[in-house]
Amino acid sequence: MATSSIRLRETPPVLFALRRADDALILGHRLSEWCGHAPMLEEDMALANIALDLIGQARTLYDHAAVLGGEGHDEDRLAYLRESGQYRNLLLVEQPNGDFAQTILRQFLYSAFADPYWRAMMRSADPTLAAIAAKSEKESAYHLRHSAEWVIRLGDGTEESHARAAEALALLWPYTGEMFEADAAERELIATGAAVDPDTLRGTWLATVREVLEEATLPLPDPSAWMQSGGRSGRHSEHLGHLLAEMQHLQRTYPGAVW
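Residues numbered from 1 in each chain as written. Predicted model: local features only at pLDDT ≥ 70, side-chain atom pairs only at ≥ 80, totals over all residues. Heavy atoms only, no water.

- If you look the protein up in an unreviewed UniProt entry, it shows as 1,2-phenylacetyl-CoA epoxidase subunit PaaC from Roseomonas gilardii.

## With respect to the overall build of the protein
Thought 1: Within the protein one finds 11 helices and 0 strands.
Thought 2: When the helices and strands of the protein are listed from N to C terminus, the series reads α-α-α-α-α-α-α-α-α-α-α.
Thought 3: Over its C-alpha trace the protein gives a radius of gyration of 18 Å, about what one expects of a compact globule, namely 18 Å for 259 residues.
Thought 4: With respect to the principal axes defined by its C-alpha atoms, the protein has extents near 55 × 45 × 30 Å.
Thought 5: Per-residue burial over the protein gives 53% buried out of 259 residues.
Thought 6: Considering only intrachain contacts with a sequence separation of at least 6, the fraction spanning at least 24 residues in the protein is 80%.
Thought 7: Each charge class in the protein can be summarised by its mean position, and for the 23 positive and 38 negative side chains these summaries are 5 Å apart. (Helix = DSSP H or I, 4+ residues; strand = E, 2+ residues; numbered from the N terminus. Rg over C-alpha atoms; globule rule 2.2 N^0.38 Å. Buried < 20%, exposed > 50% of the residue type's maximum accessible area, 1.4 Å probe, protein only. Contact = heavy atoms within 4.5 Å. Lys, Arg positive; Asp, Glu negative; His and termini not counted. Charge placed at Lys NZ, Arg CZ, Asp CG, Glu CD.)

## Remarks on the pattern of salt bridges
Thought 1: Per the counting criterion, the structure on display carries 15 salt bridges.
Thought 2: Linking Glu 75 and Arg 59 is a salt bridge whose minimum nitrogen-to-oxygen distance equals 2.6 Å. Placement of Glu 75 in helix H3 (residues 75-80) and of Arg 59 in helix H2 (residues 41-69) is noted, with a sequence separation of 16 residues between them.
Thought 3: The class for Glu 75 is buried, based on a relative accessible area of 15%.
Thought 4: Its relative accessible area of 47% is what places Arg 59 among the partly exposed residues.
Thought 5: Note that Arg 164 is salt-bridged to Asp 99, the shortest N-O span being 3.0 Å. Of this pair, Arg 164 sits in helix H7 (residues 159-172) while Asp 99 sits in the loop between helix H4 (91-94) and helix H5 (100-121), and the two are 65 residues apart along the sequence.
Thought 6: Residue classification places Asp 99 among the partly exposed positions, given a relative accessible area of 26%. (Salt bridge = Lys/Arg side-chain N within 4 Å of Asp/Glu carboxyl O.)

## Considerations on the nonpolar core
Thought 1: Grouped together as the largest cluster of nonpolar side chains are 78 residues, with contacts concentrated most on Tyr 62, Phe 108, Leu 109, Val 151 and Trp 205.
Thought 2: Setting aside its immediate chain neighbours within four residues, Leu 109 contacts Leu 92, Leu 169, Leu 172, Trp 173, Thr 176, Met 179, Trp 205 and Val 209. (Core = buried A, V, L, I, M, F, W, Y, C linked by side-chain atoms within 4.5 Å.)

## Let's talk about the side chain of Arg 252
Thought 1: Mapped onto the elements, Arg 252 comes out in helix H11 (residues 249-253).
Thought 2: Notably, Arg 252 is buried but unbridged: the nearest opposite-charge side chain belongs to Glu 83, and the N-O separation is 4.2 Å.
Thought 3: Among the polar contacts listed, one links the side chain of Arg 252 to the backbone oxygen of Arg 82, at a separation of 3.4 Å.
Thought 4: A polar contact of 2.7 Å, which involves the side chain of Arg 252, links it to the side chain of Gln 248. (Polar contact = N/O pair within 3.5 Å; in protein donor to acceptor, adjacent residues only side chain to side chain.)

## Some points on the packing of aromatic side chains
Thought 1: In the structure shown here, the tally under the stated rule is 7 aromatic pairs.
Thought 2: Geometrically, the ring pair formed by Trp 34 and Phe 100 is edge-to-face, given 5.9 Å between the ring centres and 85 degrees between the ring planes. With Trp 34 in the loop between helix H1 (12-32) and H2 and Phe 100 in helix H5, this pair connects stretches of sequence that are 66 residues apart. By the burial criterion, Trp 34 is buried, and Phe 100 matches it.
Thought 3: Their ring planes at 85 degrees and their centres at 4.9 Å tell us that Phe 100 and Trp 150 sit as a pair that is edge-to-face. On the criterion of sequence distance, the pair formed by Phe 100 in helix H5 and Trp 150 in helix H6 (residues 127-155) is long-range, its members being 50 residues apart.
Thought 4: Each residue in the set Phe 113, Tyr 117, Trp 118, Trp 173, Phe 180 and Trp 205 is aromatic and connected to the rest through ring pairs, giving one cluster.
Thought 5: A cation over an aromatic ring shows up here: Arg 82 above the ring of Tyr 87, its NZ or CZ 4.2 Å from the ring centre.
Thought 6: Above the ring of Trp 150, the side-chain terminus of Arg 153 is found at 4.2 Å from the ring centroid. (Phe/Tyr/Trp six-rings, centres within 6.5 Å; stacked < 30°, edge-to-face > 60°. Lys NZ or Arg CZ within 6 Å of the ring centre and 35° of its normal.)

## Some points on unusual backbone geometry
Thought 1: You will see that Thr 217, though not glycine, has its phi angle at about 55 degrees, which is positive.
Thought 2: Secondary-structure assignment places Thr 217 in the loop between helix H9 (202-215) and helix H10 (238-247).
Thought 3: Owing to a relative accessible area of 42%, Thr 217 belongs among the partly exposed residues under this scheme.

## Some points on the side chain of Arg 82
Thought 1: Mapped onto the elements, Arg 82 comes out in the loop between H3 and H4.
Thought 2: Taking relative accessible area as the criterion, Arg 82 reaches 0% and is therefore assigned buried.
Thought 3: One polar contact links Arg 82 to Asp 22, side chain to side chain, over a distance of 2.6 Å.
Thought 4: Aside from chain neighbours lying at most four places away, what touches Arg 82 is Ser 5, Ile 6, Leu 8, Leu 18, Asp 22, Tyr 62, Arg 77, Tyr 87, Gln 248 and Arg 252.

Dropping the structure here:
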């Protein structure tokens, strides 16, 4: 018998943890879809390992959210028993894999933000978040290095690889602005020192992106262009619903199933 969705009270600390956990879970699931399909064995393993890093980050953040919420939920219930409108991930991470260039550009644009973000969060006034950040930054530094090397290889490669990378960049760029948004709930945590204002990292992110794209011979899109938004408040693209239908199938069909 299929189980129903959970409801939870999203206080600012819970909401903050869920947003970062959802980013990691959804992007990790997207990368896991490459398992057995990557262009070479080495990259098949690399993408799978990055996916595992992200899912590990999601687990610790869901655990933290569950403790803060105090409603008896655990990481599995938070990951598998919410409706799509309850997910708070960035729209960027739910975008389809597309071809290899699109997957790499998505990872690069996200990692160029995640790495300095987790580094800054190591100074969080919340000791649990600071500890999560210390572990996550080591992983995100590798994710950034790996994806940046591939962006350069694709952009400055063949005529076709350059064209595919440029197309992927144009497609994904409008989703990058959402990374720097902070609503009233998040600003409460920023004011207490528990969270970092993401907008303060915009310059660092843009400098990293500009440097890598220049070496990849890819033009930098207009930073002031119109941006998509809504994921943080639960307004998602149609892609998330399809992703969740696959990801949640086992838990919803066989509630409480364990390996």
